[in-house]
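# Overview (structure and organization)
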Protein chains: 2
Amino acid sequence: MSTADRLIESTRELLWERGYTGTSPKAIQQRAGAGQGSMYHHFAGKPDLALAAISRTVEEMRAAAETQFSAPGTAVERITAYLRREREVLKGCPVGRLTQDPDVMADPTLRAPVEESFAWLCDRLAGILAEGRESGELDAALDARATAATVVAVVQGGYVLARAVDSVAPFDQAITGVLSLLSAHASTARG
Amino acid sequence: MSTADRLIESTRELLWERGYTGTSPKAIQQRAGAGQGSMYHHFAGKPDLALAAISRTVEEMRAAAETQFSAPGTAVERITAYLRREREVLKGCPVGRLTQDPDVMADPTLRAPVEESFAWLCDRLAGILAEGRESGELDAALDARATAATVVAVVQGGYVLARAVDSVAPFDQAITGVLSLLSAHASTARG
DNA sequence: GTCTATACCTGGATAGAC
DNA sequence: GTCTATCCAGGTATAGAC
């Protein structure tokens, strides 16, 4: 891995663990095993490095989600696969975390990937839910966009709950809860 | 308002806006219109002041929630009132935000109020849902604890989505979505 | 490309005068 | 109780040698 890559990876880790404000160039350099001059040779500064890190993170997140979404199966099966996917729950969401960083949200360049990421995720889930509704799998009265927002919110909020009580239990419960509610909606249509 | 109170209120605002790491004693003093010496006369330092601010915030949050929870009405009505309550959505949750602050979560004293806050909220909602199940309002198969976690997660995640796209729309959609799913569950029991 | 030196600002806190 | 002076570490970046 090149020095530039190591710097990006270190930044990704630190943004995840400590956020933008809590991440110093010095900490990035130490974790990457790179010197001061090396970092400023490859990147213009902290915001530039953060942009590279954030871009890489959102790409990975999207690819990971798309794996579940494009798998074979019904809408509920694919959403279940997405929700039950293995996650580092106690570390939280590396993208959602950025929404709490005022310096990230205040910079349009840093903010854009975060914004696009969640917009894409909601749209994609709404599309899958709409498919399920068209095919008769889900109740015709189901609001695809609202339900999609609920699903994404449950994941993001599940992370918050898990971190609050330092246990994955509430995350798993929140997922179980929304899947039960959604499945009930599906069986109504079937019955 | 006393100087100590102004310092606490300023700290509450700044913790909400910028988090613990992003909040400096100097910024607190300036917002409170207090001097350096004044702050260190009333409080031992930043962690001490943060504890006072966090304690006050979680008390307010709990009181606000309890207002909706203890109002007359069915379980779903009270939960709807809670979820539809007016919120400063784009500012996010002042308590949930703290879960993203590693320095807060690493300090047991600062962490405890956050942890208790979410534990209480989940328990309280689970109790209300269990009541609704006992009374026949809700499906007997409904898992009260899981559903409670889902409800809390939707609120917390709704904040994340709203901040991500800088719009209250996804927050409102997420609430609408979970209430639709829950209401469908209720009508199953009634039908 | 990477290193060291340097610079300036802020964070967080203490000391002692008033 | 509040003020000012002072302190040291760290954040963030530039300059220039190698």
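So, how was this worked out
Residues numbered from 1 in each chain as written. Chains lettered and ligands numbered in written order. Predicted model: local features only at pLDDT ≥ 70, side-chain atom pairs only at ≥ 80, totals over all residues. Heavy atoms only, no water. Near = heavy atom within 4 Å. Polar contact = N/O pair within 3.5 Å; in protein donor to acceptor, adjacent residues only side chain to side chain. Helix = DSSP H or I, 4+ residues; strand = E, 2+ residues; numbered from the N terminus. UniProt positions renumbered as here; feature names shortened; annotations may be inferred. Nonpolar A, V, L, I, M, F, W, Y, C, P; charged D, E, K, R; others polar. Buried < 20%, exposed > 50% of the residue type's maximum accessible area, 1.4 Å probe, protein only. Contact = heavy atoms within 4.5 Å. Core = buried A, V, L, I, M, F, W, Y, C linked by side-chain atoms within 4.5 Å. Salt bridge = Lys/Arg side-chain N within 4 Å of Asp/Glu carboxyl O. Buried area = accessible area lost by both parts, 1.4 Å probe.

DNA strand C sits among 14 residues. The nearest are Gly37, Ser38 and His42 of chain A together with Pro25 and Gln36 of chain B. The sugar and phosphate moieties of DNA strand C supply 56% of its atoms located within 4 Å of the protein. Thr23 of chain B is positioned with one of its backbone polar atoms (N or O) 3.5 Å from a phosphate oxygen of DNA strand C. Ser24 of chain B places a side-chain nitrogen or oxygen 3.4 Å from a phosphate oxygen of DNA strand C. Elements with a minimum of two residues in the surface near DNA strand C: α3 (36–42) of chain A together with α3 (36–42) of chain B. The leading source of residues in the surface near DNA strand C is α3 of chain A, at 5 residues.

Those places that UniProt annotates as "domain: HTH tetR-type" (unreviewed entry) correspond, in this numbering, to residues 1–61 of chain A. Annotated as residues 1–61 of chain A, this span is 77% helix and 0% strand, and its ends, taken at the C-alpha atoms, are 21 Å apart.

Neighbouring residues of DNA strand D: 15 residues in total, closest Pro25 and Gln36 of chain A together with Thr3, Ser38 and His42 of chain B. In this structure, Thr3 of chain B approaches DNA strand D through a side-chain N or O atom, which is 3.0 Å from a phosphate oxygen. Within the backbone of Gly35 of chain B, one N or O atom sits 3.2 Å away from a phosphate oxygen of DNA strand D. At the level of elements, α2 (25–32) and α3 of chain A together with α3 of chain B are the ones that each hand at least two residues to the surface near DNA strand D. Here the element with the most residues in the surface near DNA strand D is α3 of chain B; it accounts for 5 residues. Residues that form the surface near DNA strand D fall into these classes: 2 nonpolar, 11 polar and 2 charged.

What follows concerns the UniProt feature "DNA-binding region" (unreviewed entry) in chain A. UniProt tags residues 24–43 of chain A as "DNA-binding region" (unreviewed entry). Across residues 24–43 of chain A, the secondary structure splits into 75% helix and 0% strand, with the terminal C-alpha atoms separated by 14 Å.

All names here are of chain B. Mapping Met61 onto the fold places it in helix α4 (residues 46–69). Residue classification places Met61 among the partly exposed positions, given a relative accessible area of 26%. The residues touching Met61, leaving out its near neighbours within four places in the chain, are Cys93, Pro94 and Val95.

Ranked by size, the top nonpolar core spans 126 residues in total, and within it Leu83 of chain A together with Leu83 of chain B carry the most contacts. Residues within four places of Leu83 of chain B in sequence aside, it is in contact with Val151, Val155, Ile175, Val178 and Leu179 of chain B.

A side chain with one charge can pair with a side chain of the opposite charge if their charged atoms come near. Residues and elements named next belong to chain A. What the rule picks out here adds up to 26 salt bridges over all chains. Measuring nitrogen to oxygen at the nearest pair gives 2.8 Å for the salt bridge that ties Glu13 to Arg31. Taken together, the positions of Glu13 in helix α1 (residues 3–18) and Arg31 in helix α2 put the pair 18 residues apart, joining distant regions of the chain. For Glu13, a relative accessible area of 35% corresponds to the partly exposed category. Where Glu115 meets Arg111, a salt bridge forms, and the shortest distance between an N and an O atom there is 3.1 Å. Of this pair, Glu115 and Arg111 are both found in helix α7 (residues 108–134), 4 residues apart, which corresponds to roughly one turn of the helix.

Now for the interface of chain A and chain B. Counting from both sides, the interface comprises 45 residues of chain A and, opposite them, 44 residues of chain B. Buried surface at the junction of chain A and chain B, both sides included, amounts to about 3,800 Å², of which 65% is carbon and sulfur. Of all residues in chain A, the largest losses of buried area upon contact with chain B belong to Gln100, Arg163 and Leu181 of chain A, amounting jointly to 18% of the total for that side. Across the chain A-chain B interface, the total number found is 2 salt bridges. Across the pair Arg18 of chain B and Asp103 of chain A runs a salt bridge, and its minimum N-O distance is 3.4 Å. Where chain A meets chain B, there are 13 residue pairs in polar contact (both at pLDDT 80 or more). When residues of the side of chain A that touches chain B are traced back to their parent elements, those giving at least two are α1, α6 (102–105), α7, α8 (144–165) and α9 (169–190) of chain A. For the side of chain A that touches chain B, the residue count by class is 21 nonpolar, 15 polar and 9 charged.

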